[in-house]
Amino acid sequence: GESVGLHLPTLSVQEGDNSIINCAYSNSASDYFIWYKQESGKGPQFIIDIRSNMDKRQGQRVTVLLNKTVKHLSLQIAATQPGDSAVYFCAENGSGSNTGKLIFGQGTTLQVKP
Amino acid sequence: GAGVSQTPSNKVTEKGKYVELRCDPISGHTALYWYRQSLGQGPEFLIYFQGTGAADDSGLPNDRFFAVRPEGSVSTLKIQRTERGDSAVYLCASSLGNGQPQHFGDGTRLSIL
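For every chain, the first residue of the written sequence is number 1, and numbering continues from 1 along that sequence. Ligands are numbered from 1 and chains lettered from A, in the order in which they are written. This being a predicted model, a pLDDT of at least 70 is required before a residue's local features are given, and a value of 80 or more before pairs of side-chain atoms are given or counted; all residues contribute to the totals for chains, interfaces and linings. By convention in this description, side-chain values take in all heavy atoms of the structure and omit both hydrogens and water.

Q: Where do I start with the overall build of chain A in this structure?
A: A count of helices and strands for chain A gives zero helices and 11 strands. The helix count covers DSSP runs of H or I at least four residues long, the strand count covers runs of E at least two residues long, and both are numbered beginning at the N terminus. Written out in order from the N terminus, the α and β elements of chain A read β-β-β-β-β-β-β-β-β-β-β. Summary of the burial criterion: residues with accessible area below 20% of their type's maximum are buried, those above 50% are exposed, and those between are partly exposed, where the area comes from a 1.4 Å probe applied to protein chains only. Burial statistics for chain A: of 114 residues in total, 45% are counted as buried. Taking all contacts inside chain A whose residues are at least 6 apart in sequence as the whole, residues at least 24 apart take part in 55%. Note on areas: Shrake-Rupley with a 1.4 Å probe; residue coverage comes only from the protein chains shown. For chain A, the accessible surface area stands at approximately 5400 Å², while carbon and sulfur atoms represent 45% of it. When checking whether two residues touch, look at their non-hydrogen atoms; a contact exists if any pair is within 4.5 Å.

Q: Help me understand the environment of B:His103, please; the structure alone is not making it clear to me.
A: Of note, B:His103 is situated in strand E10 (residues 103-104). Residues within four places of B:His103 in sequence aside, it is in contact with A:Phe46, B:Val4, B:Ile26, B:His29, B:Cys92, B:Ala93 and B:Ser94.

Q: Just to check I follow, could you spell out the pattern of salt bridges for this structure?
A: When the charged atoms of two side chains with opposite charge come close together, those side chains can pair. A pairing counts as a salt bridge when a side-chain nitrogen of Lys or Arg comes within 4 Å of a carboxyl oxygen of Asp or Glu. Within this structure, the stated rule accounts for six salt bridges over all chains. The residue A:Arg61 makes a salt bridge to A:Asp84 at a minimum N-O spacing of 2.9 Å. On the criterion of sequence distance, the pair formed by A:Arg61 in the loop between strand E6 (56-58) and strand E7 (62-67) and A:Asp84 in the loop between strand E8 (72-77) and strand E9 (86-92) is long-range, its members being 23 residues apart. Measuring nitrogen to oxygen at the nearest pair gives 2.8 Å for the salt bridge that ties B:Asp86 to B:Arg64. Here B:Arg64 lies in the loop between strand E6 (53-56) and strand E7 (65-68) and B:Asp86 lies in the loop between strand E8 (75-79) and strand E9 (88-95), a separation of 22 residues in the sequence. In this structure, B:Asp86 and B:Arg64 share a single accessibility class: buried. One network of salt bridges, in which partners are shared, links B:Arg64, B:Glu83 and B:Asp86.

Q: What is the right way to read the pairing of strand E5 (residues 45-51) of chain A from this model?
A: Each regular strand displays side chains that alternate between the two surfaces of the sheet. Residue and element names in this part refer to chain A. Any two strands between which DSSP finds at least two bridges are classified as paired. With six bridges connecting them, strand E4 (residues 32-38) and E5 associate as antiparallel partners. Residue pairing across strands places Phe33 opposite Ile50, the latter belonging to E5. Here E4 hands over to E5 after six residues, with Gly41 in that stretch at a positive phi of 80 degrees.

Q: How do you make sense of the sheet that holds E7(B) when you look at a structure like this?
A: Residues and elements named next belong to chain B. Ordered in space as E1-E3-E8-E7, the four strands form an open sheet in which the pairing is antiparallel. Each having just a single partner strand, strand E1 (5-7) and E7 make up the two edges of the open sheet. On average, each strand axis in the sheet is inclined to that of its neighbour by 15 degrees, with strand direction left out of account. Relative to strand E3 (residues 19-24), E1 runs antiparallel, the two being bridged by three bridges. Within E3, the residue paired with Ser5 across the bridge is Asp24. Under this scheme, a helix contributes an axis fitted over its contacting stretch, all axes are lines through C-alpha atoms, and angles between N-to-C directions fall in the 0 to 180 degree range.

Q: Would you mind going over the pairing of E7(B) with me for this structure?
A: Side chains B:Phe65 and B:Ala67 of E7(B) all project onto a buried face; the interleaved residues B:Phe66 and B:Val68 project onto a face where none is buried. In sequence, E7(B) turns back onto E8(B) through a hairpin of six residues, with B:Gly72 there showing a positive phi of about 75 degrees.

Q: I tried to follow the state of the cysteines on my own but got confused; where do I start?
A: Two cysteines whose sulfur atoms are joined by a covalent bond form what is called a disulfide. Any two cysteine sulfur atoms within 2.5 Å of one another count as a disulfide. Per the counting criterion, the structure on display carries two disulfides over all chains. Covalently, A:Cys23 is tied to A:Cys90 through a disulfide, its sulfur atoms 1.8 Å apart. Between A:Cys23 and A:Cys90, the S-S dihedral sits near 50 degrees, and the bridge is therefore right-handed. Of the two residues, A:Cys23 sits in strand E3 (residues 19-25) while A:Cys90 sits in strand E9, which places them 67 residues apart along the sequence. You'll find A:Cys23 and A:Cys90 in the same group, each marked buried. Two residues share a disulfide in this structure: B:Cys23 and B:Cys92, whose sulfurs sit 1.9 Å from each other.

Q: What is the right way to read the interface of chain A and chain B from this model?
A: Taken together, the contacts link 21 residues of chain A with 21 residues of chain B. Both faces combined, the contact of chain A with chain B buries some 1600 Å², and carbon together with sulfur accounts for 48% of it. In terms of surface lost to chain B, no three residues of chain A exceed A:Pro44, A:Gly100 and A:Phe104, which account for 27% of the buried area on that side. Where chain A packs against chain B, one counts one salt bridge. A:Lys42 serves as the salt-bridge partner of B:Asp106, at 4.0 Å between the closest nitrogen and oxygen. Once two parts are brought into contact, the accessible area they lose, counted with a 1.4 Å probe and summed over both, makes up the buried area.

Q: Just checking my understanding: could you explain the nonpolar core for this structure?
A: Here is a general trend for soluble globular proteins: nonpolar side chains tend to be buried in one another's company. Counting residues in hydrophobic clusters, the biggest one holds 20 residues, and the most contacted among them are A:Trp35, A:Leu73, A:Leu75, A:Tyr88 and A:Leu110. Contacts of A:Leu75, omitting those with residues within four sequence positions, involve A:Ser19, A:Ile20, A:Ile21, A:Trp35, A:Ile47, A:Ile48, A:Val62, A:Thr63 and A:Tyr88. What is meant by a nonpolar core is a set of buried Ala, Val, Leu, Ile, Met, Phe, Trp, Tyr and Cys residues, joined one to another through side-chain atoms within 4.5 Å. Counting residues in each nonpolar core, the second largest holds 19 residues, with B:Val19, B:Phe49, B:Cys92 and B:Leu110 among its members.

Taken by themselves, the reported measurements are silent on function.
Encoded structure:
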C-alpha cells in the first residue's frame, strides 16, 4: 500500500550543527517528493522538492537526497539555527504524476538547542 | 505576494450543524487541494481541483463532505451534519499545476462540540 514513514519522531541538534531528517516511502510509482516545515499553528511551508529523475537537489542551506533503490529520502539542513525548530514532513505523490494527491508521513520534530 | 488565505481561522460549532470553509488560492494557481490534519499527524488528502472540476475526490471520507470551485479560483469545503470526529485542521493548498509545489494556507481549525 501507499505509506510514507519517518525514521525518528524527534531529532535534537545543537545550534550550528548539521541536521539530517530521514524518510522512507513504499510506493515505487511515486515520482515526485517534497519536504515541508510546519510551525505550531501554521500551515506546512514548502522547503524543497525533487523528482525521481534526480538523486540530489540543493537549496539554500538545505539538500534533499533521493535513493530510489531503497525508497529513501533525506533532508539535510546545514548550520541548523533556532528558527529551524519545527515539525518536518516528507510527502510523495503516490500513484505518480497523474494525481495531485500528496501522501504525507507522520513528521519529525526538530529541536535546536542553543 | 499574497499566499493562500483560509477563512475562518477557527470555527466552533455543535454536532449536527452545517459548516463552510473557504479557501482563496494564490492568484494564477490553477490547481487547488484540500487536506485534513489531526493533531500529531501529517495532512491527509481530501480533494483536488484542476480549474473548476474536481480531478480527484478520493479522499473525501463520506457524502457529508463536498467541495466546490465554481469559477476556478475560490473554493468552499462544505460539511453537513457535522460529527465530533470531524474536528481537525482543514488545510487548503494551491499550485501552478499538477506536479508543481503545493503552497499551503494556515488552515481552519474546526471544533465540533
